Amino acid sequence: MRFAVIQFPGSNCDRDCVHALQVLGQEARLVWHQETRLDSGEGVILPGGFSYGDYLRCGAIARFSPILPAVKAAAERGEVVVGICNGFQILCEAGLLPGALTRNEGLHFRCETAYLRVETPASRFTSHFATGQTLSVPIAHGEGCYRADPEILQELEAEQRVLFRYCNAEGQVVPEANPNGSSHHIAGICNAGRNVLGMMPHPERCCEVEMGGTDGRGILLGAAGIGRKI
Amino acid sequence: MKAKEFALKLGLTEQEYGTIEKGLGREPNENELGMFSVMWSEHCSYKNTRRELRKFPTTGPAVLVKAGEENAGVVDAGDGLALAYKIESHNHPSAVEPFQGAATGVGGILRDIFTMGARPVAFMDSLRFGRPQAKGEAGKRTRALIHGVVSGISHYGNCVGVPTVGGELVFDPAYEGNPLVNVFCLGILRHDQIRRGAAKGVGNPVFYVGAKTGRDGLAGAAFASRDLTEESKADRPAVQVGDPFVGKLLFEACLELYARPDLVVGVQDMGAAGLTCSTCETASRGGSGIEIELDRVPQRETGMTPYEILLSESQERMLIIVHKGREKELKEIFAKWGLDAAEIGYVTETGKVVVKAAGRVVADVPARLLADDAPVYEREAKVPAQLAEKQKLDLKKILPTQPKVKEDLLKLAASPAMGSRRWVWNQYDHMVGLRTLGKPGSDAAVLRIEKPGGGWVHVAMTLDGNGRWCAQDPREGSRALVAEACRNLACAGAVPLGLTDNLNYGNPHDPEIFWQLREGVEGMAEACRCFDLPVTGGNVSLYNQSPAGPIHPTPVVGVVGKVEEGVRLVPGVFGKGGGAILLLGTQESGGLGASIYLQEIHGVLAGKLGKVDLAAERKLHGLMRSVLKLAGVRSAHDVGEGGILWALAEMTFGEGSAGAEVTLPCGQGERPEEVLFGEGAGRILVEVEEETVGMVEPLAKELGVGCTRIGKTGGADFEVTCGSVKERWGVQELRKLFDEALPNALEG
């Protein structure tokens with residue numbers, strides 16, 4: 001599958017995403033934020049970084065970017081849209097996903113490997129995994145504390161739209177394993193149509209053995225519509 | 001005010017004023033004097049150290065850009081790939097404004113690297129503070145400095161998307177009044193992408209690109225060339241303010257610009273001394289002149305005087321000279337990235353930097369006079385009166401009759417000085433770019449670098465300094481730290497290619513301080529020659545002293561190397577057990593002189609480090625690289641600060657690492673503490689599978705390097721036997737102290 005990786009001024013995981021997708025045998029191209037068109041049938045990645053410097057609020061300016069209407073249209077058409085880290089923040093700001101990402105509870109930026117529990121295989125992004133499976137995926141953010149109204153959290157839970165939760169190495173969802181204080185230990189969610197994924201951890205950082213792990217492969221291959229290999 | 005009076009007020013000497021007047025053939029005006037005061041400051045001219053720096057070996061087959069030629073050195077990494085790297089200090093700014101001081105230090109070194117045409121791919125930081133656990137105001141201030149500096153580095157580095165992959169963090173009372181913040185950056189490029197900072201081609205346009213000029217950082221280079229005093233806080237306006245977002249856009253825009261064939265003539269960043277430095281240096285290198293018009297300089301404040309515009313050190317600005325007729329292409333690229341690009345002047349054949357404002361000439365100075373003809377001083381050097389006394393060490397008066405090895409080790413692990421640095425590097429994005437192999441905290445950081453034609457080259461790098469060693473014996477300490485840096489690379493299977501140095505010392509007008517500097521340079525130079533290691537540039541930071549006194553003499557070296565073909569990288573921590581532990585190199589501990597053990601456990605800084613056998617060290621590194629090509633090697637770690645017992649303890653701190661049983665011989669008349677905590681050079685620990693022992697031993701014999709089996713890994717406990725000492729502890733117990741030491745001191 002082909003992916004458009006959107007490049008905002010201040011994006012810094014854009015090349016990493018292209019590289020990881022290529023390693024997985026997918027096509028990827030960089031699309032500058034001032035462009036206004038995306039091809040149909042093309043997946044969209046909003047990569048990590050500090051779009052526009054993120055001086056106001058993470059993702060707050062990027063939502064007004066010229067490419068965003070095309071991203072929204074793609075999401076509505078049912079194309080795959082993945083927001084990673086800053087991309088997740090942008091998707092929330094743009095209203096493609098509910099809730100918001102706020103300052104980490106511990107106030108520090110944290111870069112480390114987090115354990116994620118897969119909550120449901122019922123999405124293309126998690127189709128390679130089993131419920132309760134533990135993945136290890138790097139995080140690197142200062143504002144990854146997921147917050148939403150109680151009704152929204154309830155809706156996300158009821159519709160099984162929480163795809164990943166922070167857990168410990170044994171797969172237990174416990175407060176000590178939550179790196180940023182996110183409500184319901186949320187690490188990643190999808191939209192009602194299950195074609196838009198937002199996650200704080202970086203699957204593109206764990207697609208090669210040399211990088212210390214390969215648990216990101218299933219997520220990105222799933223996004224590409226490549227089904228689970230038995 | 002008379003010109004001469006003004007010159008003295010700016011810190012120029014009477015003699016220097018005379019040279020300027022003679023060079024110009026007339027009385028200089030205030031703008032010109034401002035320009036000379038920064039360009040002839042120690043920071044820009046190395047006037048006090050140039051004679052010493054000439055002692056460094058600077059050439060070698062791998063050197064592509066030599067020390068002093070450009071903003072950073074460049075070495076060949078093979079396959080058409082080159083590495084640009086440099087270290088730079090931001091000590092004074094960080095002392096008065098830790099967050100911005102550190103952030104702009106990162107921004108500054110970043111510009112030095114992409115100015116060379118390289119894509120920046122990694123940072124490392126060497127940080128030194130007082131003790132965070134100190135009582136009262138001093139401790140409070142130190143903790144605030146640490147938080148400020150770490151978040152400043154994290155803010156800038158993370159935002160520009162360049163990983164911070166390693167470094168060092170040292171706490172010592174010697175840095176309480178004057179912290180050290182040294183920042184290193186590595187960039188990658190092809191040989192044909194190297195950029196020069198020379199203004200050539202009469203009539204070619206000179207562009208100013210990047211952020212607008214403001215009143216921040218006025219004469220910061222001059223500020224950095226004075227002692228820190230109680231009044232230094234008043235110099236806060238001399239500290240620049242960084243904007244990493246603009247820094248990121250600027251380097252992406254520049255890299256896009258460089259990729260256009262035959263567009264750029266020369267490029268120079270505006271760091272210290274801003275517009276003044278960039279114009280006179282590019283003109284001087286090009287053997288040309290430059291004329292600029294200040295009214296065209298993008299400004300973010302109104303009413304700035306020519307003096308302020310010329311001396312501003314506002315961040316994220318570059319000077320770029322392009323071929324005439326290609327202006328539009330440059331403007332388009334910078335417009336795409338949303339940055340200012342103003343044509344402020346052109347290249348001339350006059351050899352002069354001519355500055356105009358409102359149609360009037362406000363400065364007219366020969367470029368060479370400003371950039372290259374700063375006076376060079378021979379400073380007086382004197383052996384410190386107290387040195388012999390300091391170097392005496394009477395262990396009988398210090399150590400208890402009965403060794404308390406376990407208690408001492410637990411104390412070390414729980415001390416902020418030795419505790420895990422995870423609290424720091426967790427705040428740095430060390431993975432972005434997908435090049436970092438392993439985590440920070442290893443002997444050396446290793447990156448994979450894409451080869452121009454596909455595939456990877458593995459590059460290793462390390463930052464090392466040791467003020468304690470150098471305080472007790474600056475020459476030996478400096479030899480030892482170069483040896484240690486190369487040993488760290490050897491643990492990653494890498495051959496060192498080049499070295500960048502940051503010489504942090506006190507006031508050079510004090511003959512005892514200058515002696516430390518000279519000894520340090522000579523010691524480093526000797527070690528570099530032994531390792532065939534060229535010095536490709538760096539930074540000198542003097543005047544590091546506060547009313548409490550000077551800092552320890554603290555040269556810091558950054559060494560980059562290439563991992564040899566066939567090397568299999570191994571972690572610095574034990575595997576799950578069942579391996580043999582071998583000590584490669586000497587069995588001599590080097591004694592407890594200048595050790596962290598004496599300082600942290602017994603509160604004594606005394607004695608000196610044993611002499612480093614550089615030839616033996618070199619053989620050891622060769623052996624280590626060969627061992628890493630064998631099958632069955634599980635882990636490797638060098639012995640450094642804290643001695644062999646500390647190195648072994650660190651090897652048990654991995655996720656799921658086993659414990660070990662180790663026996664170390666204790667000689668006649670030797671104290672077990674010396675054997676266990678002595679910091680002598682020339683030793684590496686490796687853990688190998690049983691079958692591999694038989695392969696390592698003959699290899700070591702052939703190369704003439706010691707190889708001693710000292711124990712085996714396994715279990716959840718660590719047991720050490722040394723002379724009369726036999727102690728045992730749980731690996732988890734020790735690791736918990738190690739993990740919590742720093743968070744407890746900084747957040748408790």
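Because the structure is a prediction, the values reported are computed rather than measured.

Chemist: Where do I start with the side chain of B:Gln599 in this structure?
Modeler: You can see B:Gln599 is positioned in helix α22 (residues 596-602). Ignoring sequence-local partners within four residues, the contact set of B:Gln599 consists of B:Arg131, B:Asp172, B:Pro173, B:Arg468, B:Val604 and B:Leu605.

Chemist: Got a minute to help me understand the confidence of the model for chain B in this structure?
Modeler: Keep in mind that low pLDDT regions are not for reading the predicted coordinates in detail. Across chain B, the average pLDDT comes to 93, with 97% of residues at or above 70. With pTM at 0.95, the complex prediction returns an ipTM value of 0.95.

Chemist: In this structure, what is going on with the sheet that holds strand β26 (residues 707-713) of chain B? I would like to understand it.
Modeler: What links the strands of a sheet is backbone hydrogen bonding, and the strands pair in either a parallel or an antiparallel sense. Residue and element names in this part refer to chain B. Taken in spatial order, the seven strands make up an open sheet running β23-β25-β22-β26-β24-β27-β28, and their pairing is mixed. Two strands in the sheet have a free side with no partner beyond their single neighbour: β23 (633-638) and β28 (725-730). Averaged over all pairs of adjacent strands, the angle between their axes in this sheet comes to 20°, without regard to strand direction. In this structure, strand β22 (residues 580-585) lies alongside β26, joined through five bridges in antiparallel fashion. When the bridges of β26 are listed, alanine 580 appears paired with lysine 712. Lying over the sheet, helix α24 (residues 643-651) contacts β22, β23, β24 (660-663), β25 (683-688), β26, β27 (717-722) and β28, oriented at roughly 140° with respect to β23.

Chemist: Where do I start with the environment of A:Gly25 in this structure?
Modeler: Relative to the assigned elements, A:Gly25 resides in the loop between α1 (14-23) and β2 (27-32). Spatially, the C-alpha atom of A:Gly25 lies 9.1 Å from that of A:Leu221, the residues being 196 residues apart in sequence.

Chemist: What should I look at first to understand the pairing of strand β6 (residues 180-190) of chain B in this one?
Modeler: Looking along a regular strand, one sees side chains alternate from face to face of the sheet. All names here are of chain B. Taking burial as the measure, the eleven residues of β6 include ten buried ones, the bulk of the element. Bridge count between strand β3 (residues 81-89) and β6: nine bridges; the pairing is antiparallel. Residue pairing in the sheet places isoleucine 87 in a bridge with phenylalanine 184 of β6. Pairing geometry for strand β4 (residues 119-129) and β6, over nine bridges, is antiparallel. Each residue of the ladder has a partner; that of alanine 122, found in β6, is leucine 186.

Chemist: Got a minute to help me understand the packing of helix α7 (residues 98-115) of chain B against helix α10 (residues 244-258) of chain B in this structure?
Modeler: Residues and elements named next belong to chain B. Where α7 contacts α10, the two axes come as close as 10 Å, and the packing angle between them is 5°. With respect to their mutual orientation, α7 and α10 come out roughly parallel. Contacts from Leu110, Arg111, Phe114 and Thr115 in α7 reach Gly247, Leu250, Phe251, Cys254 and Tyr258 in α10. Counted by class, the contact of α7 with α10 contains six nonpolar, two polar and one charged residues.

Chemist: Which parts of the structure should I look at to understand the environment of A:Leu220?
Modeler: Residues and elements named next belong to chain A. Here leucine 220 shows up in helix α5 (residues 216-223). On the accessibility criterion, leucine 220 (4% relative accessible area) is buried. Once the C-alpha coordinates of leucine 220 and leucine 56 are considered, the two residues, 164 residues apart in sequence, prove to be 30 Å apart. For leucine 220, the contacting residues outside a window of four places in its chain are Ala20, Leu21, Leu24, Pro203, Glu204 and Cys207.

Chemist: What is the right way to read the sheet that holds strand β1 (residues 2-7) of chain A from this model?
Modeler: All names here are of chain A. If you walk across this open sheet you meet the nine strands as β2-β1-β3-β4-β11-β10-β9-β6-β7, and the pairing is mixed. Pairing within the sheet leaves two strands with one partner each, and these edge strands are β2 and β7 (134-141). For this sheet, the mean inter-axis angle between neighbouring strands, taken without regard to orientation, is 25°. Sheet topology places β1 next to β2; six bridges connect them, and they run parallel. Directly across from valine 5, in β2, lies its bridge partner leucine 30. Packing against the sheet, α1 makes contact with β1, β2, β3 (43-46) and β4 (81-84), and its axis sits at approximately 170° to β1. Strands β9 (162-167) and β10 (186-190) of the sheet are contacted by helix α4 (residues 150-158), whose axis makes an angle of about 70° with β10.

Chemist: Just checking my understanding: could you explain the side chain of B:Arg379 for this structure?
Modeler: All names here are of chain B. Here arginine 379 lies in the loop between α14 (367-371) and α15 (387-391). Among buried Asp, Glu, Lys and Arg side chains, arginine 379 stands out as unpaired, with glutamate 16 the closest opposite charge at 6.3 Å. Of the polar contacts made by the side chain of arginine 379, one reaches the side chain of asparagine 48; its length is 2.6 Å. In this structure arginine 379 touches Asn48, Pro508, His509, Phe514 and Arg518, once residues within four positions along its chain are discounted.

Conventions and cut-offs
Residues numbered from 1 in each chain as written. Chains lettered and ligands numbered in written order. Predicted model: local features only at pLDDT ≥ 70, side-chain atom pairs only at ≥ 80, totals over all residues. Heavy atoms only, no water. Helix = DSSP H or I, 4+ residues; strand = E, 2+ residues; numbered from the N terminus. Contact = heavy atoms within 4.5 Å. pLDDT = per-residue confidence, 0-100. Pairing = 2+ DSSP bridges. Axes fitted to C-alpha atoms, helices over the stretch in contact; angles between N-to-C directions. Buried < 20%, exposed > 50% of the residue type's maximum accessible area, 1.4 Å probe, protein only. Parallel < 35°, antiparallel > 145°, perpendicular 65-115°, else oblique. Nonpolar A, V, L, I, M, F, W, Y, C, P; charged D, E, K, R; others polar. Lys, Arg positive; Asp, Glu negative; His and termini not counted. Salt bridge = Lys/Arg side-chain N within 4 Å of Asp/Glu carboxyl O. Polar contact = N/O pair within 3.5 Å; in protein donor to acceptor, adjacent residues only side chain to side chain.

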